[in-house]
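Residues per chain, in single letters:
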Amino acid sequence: MSYTRPLDFKNGRIEMSHGSGGRAMAHLITELFAKAFDNPYLAQGNDGALLPHASGRLVMSTDSHVVSPLFFAGGDIGCLSVHGTINDVAMMGARPLYLSAAFILEEGFPLMDLKRIAESMARASLEAGVPIVTGDTKVVEQGKGDGVFITTTCIGVVRDGVTLSGELAQPGDRILLSGAIGDHGMAVLSRREGLSFDAPIVSDTAALHGLVAAMLDCGACLRVLRDPTRGGLATTLNEIARQSGVGMLLQEAAIPVHQTVEAACEFLGLDPLYVANEGKLLAICAAGDAERLLEVMRSHPLGMDAAIIGEVLEDAHGFVQMHTRFGGRRIVDWLAGEQLPRIC
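Rules and cut-offs
Residues numbered from 1 in each chain as written. Predicted model: local features only at pLDDT ≥ 70, side-chain atom pairs only at ≥ 80, totals over all residues. Heavy atoms only, no water. Phe/Tyr/Trp six-rings, centres within 6.5 Å; stacked < 30°, edge-to-face > 60°. Helix = DSSP H or I, 4+ residues; strand = E, 2+ residues; numbered from the N terminus. Lys NZ or Arg CZ within 6 Å of the ring centre and 35° of its normal. Axes fitted to C-alpha atoms, helices over the stretch in contact; angles between N-to-C directions. Parallel < 35°, antiparallel > 145°, perpendicular 65-115°, else oblique. Left-handed = near helix turned anticlockwise from the far one by under 90°. Contact = heavy atoms within 4.5 Å. Nonpolar A, V, L, I, M, F, W, Y, C, P; charged D, E, K, R; others polar. Pairing = 2+ DSSP bridges.

Before going further, it helps to spend a moment on the packing of aromatic side chains. Taken as a whole, this structure holds three aromatic pairs when the rule is applied. Both rings, one in Tyr41 and one in Tyr98, keep their centres 5.4 Å apart while their planes meet at 80°; by these two values the pair is edge-to-face. Of this pair, Tyr41 sits in the loop between helix H1 (23-36) and strand E1 (57-65) while Tyr98 sits in strand E4 (residues 94-106), and the two are 57 residues apart along the sequence. Feature note: the residues Phe33, Phe37 and Phe103 constitute an aromatic cluster, connected by ring pairs. Over the ring of Phe9 we find Lys115; its NZ or CZ atom is 5.5 Å from the centre of that ring.

Right, here's the structure in full:
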């Protein structure tokens, strides 16, 4: 077979030779990935990217993406792999600079679907201003993968004077949430199970570093930032409570949940507190700065529905509790088991 002709995206499929390191692989990289992710660093064409020096403390995060299905309302594995890793860096208070992307492809995977995923990654990368500068491709035999798995790594820099960590929450601090929870997990589940609702549920996947920058610029005393992905809001707050050795008290009525998500969760017997998000963040700040920080968050497109949802308490047991809408109080425990597998 000749690999000098353009790839047949309409009918072509991934072959073992596309991961062999030979001409077929070079053709795939040149015709698909290099075109989609085109930037001066990637164009160097070496085994790694030579990058300019960045001043400040470096932050690096890596994440593997195995979502099923690959395409869902509001996104796909491509943009999700870009957004998710950028957000992990942003939650450290860092400005994301560069991404790498590694693909594990299954033999027989349609080239058209791979092109669609690569183009989605390219759009997400361009919109975020964080280029994909290097990568890798491997191919496994048919039946030994699940179409495509993507691992992305992001490097960023933290500005002077910024230190954010899950161990810094203090009694009296306020807990803020940037918007409604559960959209991503329910969008993936509804597509996976072929469920339809009166109003479509769309994933919230988004890059949050612009919102984080605005929050840092306002001068509020921020202590913790975290994006509540797998395990949802409840599990993320339990993680922070354990790290900081504190308790938390939430107000159920203050936690934003879209009506369609709430109805879908009730129908399926799920709790939106444990459903994954991909475009929301939690912030813990000093009590005196909470209202100012809330105003800044609500002025950003990705924080328009932000709310103060609770406070940090002194509690050696590290319990996360919640005042319910009915006037009671309950423990919001860690997620037990896997409520929704293959979400991200």
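Once that is clear, we can look at the packing of helix H4 (residues 183-193) against helix H7 (residues 259-268). Direction vectors running N to C along H4 and H7 enclose 55°, while the axes themselves pass 10 Å from each other. In terms of axis orientation, H4 runs oblique to H7. Remark: the crossing between H4 and H7 carries left-handed chirality. When H4 is examined against H7, the residues Asp183, Met186 and Leu189 are found in contact with a partner set consisting of Val261, Ala264, Cys265 and Leu268. Considering only residue class, the contact of H4 with H7 consists of six nonpolar, no polar and one charged.

What follows is about the sheet that holds strand E6 (residues 148-158). Reading across from one edge, E1-E6-E4-E5 is the order of the four strands in this open sheet, with mixed pairing throughout. Each having just a single partner strand, E1 and strand E5 (132-140) make up the two edges of the open sheet. Adjacent strand axes in the sheet meet at a mean angle of 15°, parallel and antiparallel pairs treated alike. Two elements, E4 and E5, share eight bridges in a ladder whose sense is parallel.

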